[in-house]
Amino acid sequence: MTTDPLSRDDVLVDFILLKFDELVALLETMDDESANAELPAPGSNSVVQLMVHCCGMMRRWSSSVNRGVEVPRDRDAEFSARMPVREAVSLAAHTRAAFLADVAATDADSAPAAVPQGREHFWTVSTRGVLLHVLEELAQHLGQAEITRDALADRGAGRD
């Protein structure tokens, strides 16, 4: 009995979804107050802000860049977002489904339809390279969210 091995594109999309789902799972462990709390450090973002940003980032690259189908986005507003956890999780579910639809409608070997100016050429040569950038960004922001959650938990633990 033989099984077809996953293609490199399947593996890439699975890694993207793994990191995205880990961010969602982290958010689901938090209450609304802590999920919207920022650390007392310049440039700090709440876990909700990181989730909203990741949702905007994923759709920008999978749809606007790779497919040329513009998805409206206010990047600055992503970093001031506040919402209940259940609303952020709902946004994530919608984004995940739309991202998968974008990927299904994209030839991984084709050139992106609308590469933003000033981007590194090596990863914008193909839509697959753009998806590698999505993975990079998700991993970075998942790490930020983990640090934020842990620091908030430590700060709360010292209040007794």
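Below or above, wherever it landed, is the structure these notes cover. What you see is a predicted model; the values in this text were computed from it and never measured.

## Digging into the pattern of salt bridges
Summed over all chains, the structure comprises seven salt bridges. In this structure, the salt-bridge partner of D21 is R96, at a minimum N-O distance of 2.9 Å. Taken together, the residues span a long stretch of sequence, with D21 in helix α1 (residues 8-28) and R96 in helix α5 (residues 85-104) at a distance of 75 residues. Judged by relative accessible area, D21 falls into the partly exposed class, the value being 31%. Close ionic contact of R59 with D102 constitutes a salt bridge, the shortest N to O distance being 3.0 Å. A residue pair is termed long-range when its members are at least 10 positions apart, and R59 in helix α3 (residues 47-65) and D102 in helix α5 qualify at 43 residues. One salt-bridge network, in which partners are shared between bridges, spans R59, R67 and D102.

## A look at the environment of D109
The residue D109 is located in the loop between α5 and α6 (127-157) in this model. Its relative accessible area of 53% is what places D109 among the exposed residues. A sequence separation of 73 residues divides D109 from N36, and the C-alpha atoms of the two residues are 39 Å apart. When near neighbours in sequence (up to four residues on either side) are disregarded, D109 contacts R8, S126, T127 and R128. In terms of polar contacts, D109 uses its side chain to reach the side chain of R128, at 2.8 Å.

## Observations regarding the packing of aromatic side chains
Going through the model one piece at a time under the given rule, you end up with one aromatic pair. Judged by centre distance (5.4 Å) and plane angle (65 degrees), the rings of W61 and W123 are edge-to-face. One end of the pair, W61, is in helix α3; the other, W123, is in the loop between α5 and α6, and 62 residues separate them in sequence. Like W123, W61 is buried. Over the ring of W61 we find R60; its NZ or CZ atom is 4.7 Å from the centre of that ring.

## Observations concerning the state of the cysteines
One covalent bond between the sulfur atoms of two cysteine residues makes up a disulfide. Applying the stated rule across the entire model yields zero disulfides. Free of any disulfide, C54 has its nearest neighbouring cysteine sulfur in C55, separated by 7.2 Å. The class of C54 is buried, set by a relative accessible area of 0%. Looking at C55, the relative accessible area reads 4%, which means it is buried.

## Describing the packing of α1 against α5
Two elements in contact, α1 and α5, have axes separated by 10 Å at closest approach and are oriented at 175 degrees. Considering their axes alone, α1 and α5 lie roughly antiparallel with respect to each other. Residue-level inspection shows V13, I16, L17, F20, D21, V24, L27 and E28 of α1 in contact with α5, the latter providing V85, A88, V89, A92, T95, R96, F99, L100 and V103. Looking at the contact of α1 with α5 residue by residue, the class counts come to 13 nonpolar, one polar and three charged.

What counts, and where the lines are drawn
- Along each chain, numbering runs from 1 in the same order as the chain's sequence is written.
- Residues qualify for local features only when their pLDDT is at least 70, as the model is predicted, and side-chain atom pairs are given and counted only at 80 or more; totals for whole chains, interfaces and linings, by contrast, use all residues.
- Excluding hydrogens and water, the side-chain values take into account all heavy atoms of the structure.
- In what follows, salt bridge is the name for a side-chain nitrogen of Lys or Arg lying within 4 Å of a carboxyl oxygen of Asp or Glu.
- A run of H or I in DSSP counts as a helix once it spans at least four residues, and a run of E counts as a strand once it spans at least two, with each numbered from the N terminus.
- The buried label applies to any residue whose accessible area, calculated with a 1.4 Å probe on protein chains only, is under 20% of its type's maximum; exposed applies above 50%, and partly exposed to all values in between.
- Here, two residues are considered to be in contact whenever any of their heavy atoms come within 4.5 Å of each other.
- Here a polar contact is recorded for every N or O atom pair within 3.5 Å, except that within protein the pair must consist of a potential hydrogen donor and a potential acceptor, and residues adjacent in sequence are included only if both atoms are side-chain atoms.
- A pair of Phe, Tyr and Trp rings is counted when the ring centres sit within 6.5 Å of each other, with Trp represented by its six-membered ring. The angle between the planes then sorts it: under 30 degrees is stacked, over 60 is edge-to-face, the rest tilted.
- The criterion is that NZ of a Lys, or CZ of an Arg, lies within 6 Å of the ring centre and within 35 degrees of the ring normal, and then a charge sits over that ring.
- To count as a disulfide, a pair of cysteine sulfur atoms needs to be within 2.5 Å.
- Every angle, taken between N-to-C directions, lies between 0 and 180 degrees, and every axis is a line fitted to C-alpha atoms, over only the stretch in contact when it is a helix.
- Here the word oblique covers every angle except those under 35 degrees (roughly parallel), over 145 (roughly antiparallel) and from 65 to 115 (roughly perpendicular).
- Three classes are used, and their members are as follows: Ala, Val, Leu, Ile, Met, Phe, Trp, Tyr, Cys and Pro are nonpolar, Asp, Glu, Lys and Arg are charged, and the others, Gly among them, are polar.

Shape is all these values report; function is a separate question.
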